[in-house]
Each structure stands twice: as C-alpha cells, then as structure tokens.
Amino acid sequence: MLHVNNSIDAVENAFARDVVGGLSADVKTLPSRWLYDERGSALLKNNEAG
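This report concerns the structure included in the present document.

The rules behind each value
For every chain, the first residue of the written sequence is number 1, and numbering continues from 1 along that sequence. Where local features are concerned, this predicted model is filtered to residues with pLDDT of at least 70; where side-chain atom pairs are given and counted, the filter is 80 or more; whole-chain, interface and lining totals use all residues. Water and hydrogen atoms were dropped before computing side-chain values, which therefore reflect all heavy atoms in the structure. Secondary structure follows DSSP: runs of H or I at least 4 residues long count as helices, runs of E at least 2 residues long count as strands, and numbering of each begins at the N terminus. Only the protein chains shown count as cover for residues, and the accessible areas themselves come from Shrake-Rupley with a 1.4 Å probe. Pairing of aromatic rings covers Phe, Tyr and the six-membered ring of Trp, with a centre-to-centre limit of 6.5 Å; geometry is then stacked below 30 degrees between planes, edge-to-face above 60, and tilted otherwise. Only protein chains enter the calculation, and the probe is 1.4 Å; a residue is then buried if its accessible area is under 20% of its type maximum, exposed if over 50%, and partly exposed in between. One side-chain nitrogen of Lys or Arg within 4 Å of one carboxyl oxygen of Asp or Glu is enough to make a salt bridge. Throughout, a contact is declared for two residues whenever any of their heavy atoms are within 4.5 Å.

1. A word on the overall build of the protein chain
Next up, step 1: The secondary structure content of the protein chain amounts to 2 helices and 0 strands.
Next up, step 2: Carbon and sulfur atoms provide 58% of the accessible area of the protein chain, an area that totals close to 4,400 Å².

2. Overview of the packing of aromatic side chains
Next up, step 1: Using the criterion set out here, one finds 1 aromatic pair in the structure.
Next up, step 2: Ring centres of Phe15 and Trp34 lie 5.0 Å apart, and the angle between their planes is 75°; this geometry places the pair in the edge-to-face category. With Phe15 in helix H1 (residues 2–24) and Trp34 in the loop between H1 and helix H2 (38–49), this pair connects stretches of sequence that are 19 residues apart.
Next up, step 3: For Phe15, a relative accessible area of 38% puts it in the partly exposed group.

3. Focus: the pattern of salt bridges
Next up, step 1: Inspection of every chain in the model, using the stated rule, returns 1 salt bridge.
Next up, step 2: Between Asp18 and Arg33 there is a salt bridge whose closest N-O contact spans 2.3 Å. Highlighted residues: Asp18 in helix H1 and Arg33 in the loop between H1 and H2, separated in sequence by 15 residues.
Next up, step 3: Residue classification places Asp18 among the buried residues on the basis of a relative accessible area of 19%.

4. Re the environment of Val20
Next up, step 1: Secondary-structure assignment places Val20 in helix H1.
Next up, step 2: Distance from Val20 to Leu30, taken between C-alpha atoms, is 9.2 Å for residues 10 residues apart in sequence.

5. A few points about the side chain of Ser32
Next up, step 1: Here Ser32 shows up in the loop between H1 and H2.
Next up, step 2: Every residue in contact with Ser32, bar those within four places of it in the chain, is listed here: Ser41 and Leu44.

Here's what the structure looks like:
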C-alpha cells in the first residue's frame with residue numbers, strides 16, 4: 001500500500017507544482033495532460049505547435 005500512496009503523492013505534487021507555476025505566471029497556463037487523457041493531450045499539443 002505504501003507504493004501506491006507514494007505514487008499518488010508524486011502525482012499530487014506534480015499537479016500542484018504545475019497549477020501554482022502556471023497560474024502564478026503573467027500568462028496563465030495549465031498543461032493539457034491534466035485536462036485530457038494521454039491521446040487527447042498529444043493531439044492538442046500537436047495542434048498548438050502546428
């Protein structure tokens with residue numbers, strides 16, 4: 001059970017870091033990985049680059 005808790009903590013820490021960093025910037029951002037599944041995130045990222 002400890003391994004699962006460590007994995008959840010790591011994800012929560014990454015999410016918090018991305019949210020605080022993105023919303024503290026002059027131009028507000030939030031990585032698409034938090035809004036879409038892996039495939040949707042990749043599609044959005046490719047569309048933005050394109």
